[in-house]
2 protein chains.
Amino acid sequence: MPLTTDQTQPVFRALADPTRRAIIMLLADRDLPVGDIAARFEMTRPAVAKHLAVLKSADLIHVSQAGRERINQLNPAALKAATDWLAWFDRFWDDRLAALKSAVEKDT
Amino acid sequence: MPLTTDQTQPVFRALADPTRRAIIMLLADRDLPVGDIAARFEMTRPAVAKHLAVLKSADLIHVSQAGRERINQLNPAALKAATDWLAWFDRFWDDRLAALKSAVEKDT
DNA sequence: TTGACATGACACCGAAAGGTTTCCTATAAG
DNA sequence: CTTATAGGAAACCTTTCGGTGTCATGTCAA
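Residues numbered from 1 in each chain as written. Chains lettered and ligands numbered in written order. Predicted model: local features only at pLDDT ≥ 70, side-chain atom pairs only at ≥ 80, totals over all residues. Heavy atoms only, no water.

- Taking an unreviewed UniProt entry as the reference, chain A is identified by name as DNA-binding transcriptional regulator, ArsR family belonging to Maricaulis salignorans.

Written out as C-alpha cells, the structure reads:
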C-alpha cells in the first residue's frame, strides 16, 4: 500500500491543473513575481494568483516579500508526497513485467 | 523541462481525487467488478462507476466482460506519465540540496 | 420462463473550480 | 506630493465535479 501522508491530497490536487503544472515548470527555472508569471499566460493576473494560492496551500511554493513585489519560489521538495505515492506502483509495475516475462519464458 | 505527453493531463486529473487513488490501491491488490468496489466505499455504485470511467479514460484501468460482470484491472503502466513528469523535478530537488549543502559548507 | 443480480445510462443537484471585472492599498519613482 | 505600478481581495458567472435516485437491459439460476 502506497504511503498517503497528509500532504498527498493537496499536492495531487495542485498538480491536476495544466496551468499550475506550467507554473511549476516556470518557477523551476527562476523565481518570479505574480505579474511576470501572468504575463506568460493567456489569462488575467487574479486567475494566476488563484493558482499560486493553490500551489502555496500545497506548500509547493514559498512567497517572500521584496518591496512591492512578492517573489514566488518553487519548493520542489513538496513534490515528494506525490513521488512517494507513485513510487509504490513502480514496484508493482515491475512485478507485472516480471510475471509477464516468466509467463512468456515458460511458454517457449 | 519535464516531458509532457498527451497522457499527462488525464492521468494527473484522475489522480487528483482521493477516492480514485483508493480505487487504484484496491485494484493493485486484485481485479474487481464495479459492485465489489462500491461495496468498500461509502457511496453508491453509480458514483464509483463514474470514478472508474475517469480512470479508464486515463487508461489507468482495463475492463473485460465476464458474463454479467465487468472486471476492472489496473494498468500501472499508465502511471508512468505522471512518474516521468515528476522525475524531472527529482533532479532539480537534488540540485537544490547540493546548492544548500555547499552554501552551508562555505559558511562554516 | 421467471426471478434475481450486475451494470449501463440518464436526469438532476449542490458545491467547488477556474475565470473575469472592479476596487483598494502600499511601495517606487518623478 | 503625485502618479504609476504590483498585487490583494471581493463579487459574480459559468462549467465541471462528485453524488444520488431511477430505470432499462443482459445474464445466471431455479
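Still more ground to cover, so stick around.
Some points on the protein's contact with DNA strand D
Next, step 1: Every one of the 20 residues lining DNA strand D counts as a neighbour, but Gly35(A), Arg70(A), Thr44(B), Lys50(B) and His51(B) are closest to it.
Next, step 2: In this structure, a phosphate oxygen belonging to DNA strand D sits 2.8 Å away from a main-chain N or O atom of Gly35(A).
Next, step 3: Within the side chain of Arg13(B), one N or O atom sits 2.8 Å away from a phosphate oxygen of DNA strand D.
Next, step 4: Among the elements that take part in the surface near DNA strand D, helix α4 (residues 45-57) of chain B stands out by supplying four residues, more than any other.
Next, step 5: Along the lines of polarity and charge, the residues of the surface near DNA strand D split into six nonpolar, five polar and nine charged. (Near = heavy atom within 4 Å. Polar contact = N/O pair within 3.5 Å; in protein donor to acceptor, adjacent residues only side chain to side chain. Helix = DSSP H or I, 4+ residues; strand = E, 2+ residues; numbered from the N terminus. Nonpolar A, V, L, I, M, F, W, Y, C, P; charged D, E, K, R; others polar.)

Points about the packing of helix α2 (residues 18-29) of chain A against helix α4 (residues 45-57) of chain A
All names here are of chain A.
Next, step 1: Remark: α2 packs on α4, axes separated minimally by 10 Å, with the N-to-C direction vectors making an angle of 75°. Taken as axis vectors, α2 and α4 run roughly perpendicular relative to one another. Contact residues: α2 offers Thr19, Arg20, Ile23 and Ile24, while α4 offers Val48, His51, Leu52, Val54 and Leu55.
Next, step 2: Grouping the amino acids of the contact of α2 with α4 by side-chain chemistry returns six nonpolar, two polar and one charged. (Axes fitted to C-alpha atoms, helices over the stretch in contact; angles between N-to-C directions. Parallel < 35°, antiparallel > 145°, perpendicular 65-115°, else oblique. Contact = heavy atoms within 4.5 Å.)

Quick notes on the protein's contact with DNA strand C
Next, step 1: What surrounds DNA strand C is a group of 19 residues, the closest being Thr44(A), Lys50(A), His51(A), Pro33(B) and Arg70(B).
Next, step 2: Protein-adjacent atoms of DNA strand C, using a 4 Å cutoff, are sugar or phosphate at a proportion of 62%.
Next, step 3: One nitrogen or oxygen atom from the side chain of Arg13(A) is found 2.8 Å from a phosphate oxygen belonging to DNA strand C.
Next, step 4: At the level of elements, α4 of chain A together with α3 (34-39), α4 and β3 (69-74) of chain B are the ones that each hand at least two residues to the surface near DNA strand C.
Next, step 5: In terms of residue count, the dominant contributor to the surface near DNA strand C is α4(A) (four residues).
Next, step 6: Taken together, the residues of the surface near DNA strand C sort by class into six nonpolar, four polar and nine charged.

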